[in-house]
Structures are given as C-alpha cells and as structure tokens.
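Here's the letter readout for the chains.
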Amino acid sequence: MLEVIFLGTGGIMPNKERNVPSIALRYEGEIILWDVGEGTLRQLNTAKLSPMRIEKIFITHFHGDHYLGLMSLIQTMTLWNREKPLHIYGPKYTFEFIQNYLKSGFFAPSFEIHVHELGEARLKFGDYEIWSFKVEHGIPALGYVFKEKDKRGNFNLEKIRELGLKPGPWMKELELKGKIEINGRTIYLEDVTGERRRGVKVVYTGDTEPCKRIELFSERADLLIYEATYLTGEERGESYHSTVSEACEVAKKAKVKLLALFHRAPRYKYDEYLQKAEQLCNHKFIVPKDFDRISFKGESYELSSIR
Ligand SMILES: [Zn+2]
Ligand SMILES: [Zn+2]
C-alpha cells in the first residue's frame, strides 16, 4: 500500500500555517522523500516518520525552499549512528551542490551518501519505479513519477473450471513460472486469472511554469501534485510558476483522478485560496494542508490527517 504524506505544502518560505515543500511516500516499510525544505526534520517528527527509514531523497531543484532541510536530516541520522547508505537524486549540478553543502560545519556523516544526477530517467526498484522528467523553472529542475508495478489479477475459479482443471498445487508453479504444461497443453497465467490491476501512479511537478511534458507524464495518474503557486496570471507575473487554472487544465487533459494544488504562495490564507480555487477549477482537486495523508488501496484512496 502507498501512502502520500504532505509534510510541507507552502511555496517560497514557511509561514505560520504551512511549511515549505516535502512529500513523504511510504511504501512497504520504506520512506521516500520528494523535496526536503527547511524544517522537514521537525515535520517528520510530528508525523512520527523515522528519518532512519528514509532510503531515497529526490530533490526537484536547488532553490532553498526545496532542499535546505537536508543538512539537519543528515546530521540527525549521524547522531543516531546511521550505517545504511542514503541515496540523493536530483537534476544537473546535484553532485556539486551536495558536496559543497556537506563541507560546512564540524561534522561528517556516519554513513555513505550516494548522489545521482538525473536527466529524464526511469529507475527500477523492486515493486515500483521512479521516473524523472524535465520541467521549466529557469534552472535545471525535475518532476517525478512514482509508478507501482501493475499487479496480476487473482485466480479465477470459473476460468479454471472452463479449462477442465481443478484448483491444486499447479497454481503455485504457474504463478512462479508464468506458464506450465498440463496434460500436453500449455496453460498461461493470464488464462486462469482475472484482469490485471493497474499499479498506483503519483506525479509531482516540483516548481515549473506550464509545459507539455507534465501532461505526458501525468497520463491517467491517480494523483497529480501540481505546483499552483498563484491564483491568477497577474499575480504570477514573470516568475516561472503555475496558476490554479493551468494545473486544472493539465489534470483534465491527462485524465488524472485527483489533483493536489501545492506550493501555494505565502500571501494566501488557506480558506481564501480554497474558495478561489473552487471557482477556477472544475476538476476533482484538493488543497492539502501539512500532515494531510492520502492512502491508496487498490483503485480507491482515502484522505485523512495525521496531525
Ligand atoms: Zn519553490
Ligand atoms: Zn523554485
């Protein structure tokens, strides 16, 4: 099961209501972080998520609100004698920035840090993949996709009977091999199982102005976390950010199940932003607060808060 936990939902700088970007993905005991803004360690503690369980951190770009929480996280892991390596992924220059960043202060990590610079990549990890795609933010910047592997359907007794077979130990063998011979006939796993279940797909844009690639990578996503820093184009001005209407348009075109409007500028109060977003967007959306959680169960999801 995948849980998406919003640790920080505001853009640019923290305010009383919300912290800067960080999203935790909890999947099969592992925690993956998408961005690690200043104060992420405190948010993790409040959410009762152990930093020791984090194996991979994906940074969208090197603006302070997206990575300045990394140092306190690494120092705390060291304080707790972490030995397990940590993998940090990010766009071009990640290696240089992390190297310089770690040179400050009287401290050395107690564990290995592996830095991976990505362009557009497809990384495979067990039951899921992470894809990176380039976005438009005036500097090297990436968006990320979490894609769970599609799961095969359950054994279907009717199909088994139609083939003149009876349930038995052969099913285990078939599950392992994908196909087996029974009485001189080849039986494929698909012959006796139900429809495949699509794995969960979650997309995070990071900071960006609208670009075609977001729509391509978000196709039929269960959740699209889109930066909608501003309510209107006038308020955005010349900055490389997006508006609520632009995020909404992409969610509709890409047939996304649920849109999360993220990275809201500090000037907006929650209720004011939500009200205006309701007028501007006619697709299914939420405006997540810090510590809101989305739990995916098969084809459906559940919203809750862990504050
Ligand atoms: Zn930002
Ligand atoms: Zn930025």
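Computed from a predicted structure; not experimentally measured.

On to the pairing of strand E3 (residues 30–34), then. The buried count for E3 comes to five of five residues, which makes it a mostly enclosed element. Taking every second residue as pointing to the same face, both faces of E3 are buried, with Glu30, Ile32 and Trp34 on one and Ile31 and Leu33 on the other. Inspection of the sheet shows strand E2 (residues 22–27) paired to E3 by five bridges, in the antiparallel sense. Looking across to E3, one finds that leucine 25 is bridged to isoleucine 32. If you look at the hairpin formed by E2 and E3, you'll find two residues sitting between the two strands, and glutamate 28 has a positive phi there, around 50°. Alignment of E3 against strand E4 (residues 54–58), held across four bridges, turns out to be parallel. Across the sheet, the residue bridging to tryptophan 34 is phenylalanine 58, located in E4.

Attention shifts here to the pattern of salt bridges. Within this structure, the stated rule accounts for 16 salt bridges. Between lysine 151 and glutamate 148 there is a salt bridge; the shortest N-O distance is 3.0 Å. What makes glutamate 148 buried here is its relative accessible area of 5%. Ionic pairing is found between lysine 177 and glutamate 173, a salt bridge with its closest N-O pair at 2.8 Å. Of this pair, lysine 177 and glutamate 173 both sit in helix H6 (residues 170–177), four residues apart, roughly one helical turn. Judged by relative accessible area, glutamate 173 falls into the partly exposed class, the value being 35%.

As annotated in UniProt, the feature "active site" (unreviewed entry) corresponds to Asp65 in the numbering used here. Topologically, aspartate 65 is positioned in helix H2 (residues 64–67). Overall, the relative accessible area of 10% leaves aspartate 65 in the buried class. Apart from residues lying up to four places away in sequence, aspartate 65 is in contact with Gly11, Ile12, Val20, Pro21, Gly37, Asp207 and His263. In terms of polar contacts, aspartate 65 uses its side chain to reach the backbone amide nitrogen of isoleucine 12, at 2.9 Å.

Here the focus is the environment of glycine 90. Secondary-structure assignment places glycine 90 in strand E5 (residues 86–90). For glycine 90, a relative accessible area of 0% corresponds to the buried category. Sequence-wise, glycine 90 and histidine 114 are 24 residues apart; in three dimensions their C-alpha atoms are separated by 11 Å. Not counting residues up to four positions away in its chain, the partners in contact with glycine 90 are Ile59, His116, Glu117, Leu118, Leu142 and Tyr144.

Scoring rules and cut-offs
- Residues numbered from 1 in each chain as written.
- Chains lettered and ligands numbered in written order.
- Predicted model: local features only at pLDDT ≥ 70, side-chain atom pairs only at ≥ 80, totals over all residues.
- Heavy atoms only, no water.
- Buried < 20%, exposed > 50% of the residue type's maximum accessible area, 1.4 Å probe, protein only.
- Helix = DSSP H or I, 4+ residues; strand = E, 2+ residues; numbered from the N terminus.
- Pairing = 2+ DSSP bridges.
- Salt bridge = Lys/Arg side-chain N within 4 Å of Asp/Glu carboxyl O.
- UniProt positions renumbered as here; feature names shortened; annotations may be inferred.
- Contact = heavy atoms within 4.5 Å.
- Polar contact = N/O pair within 3.5 Å; in protein donor to acceptor, adjacent residues only side chain to side chain.

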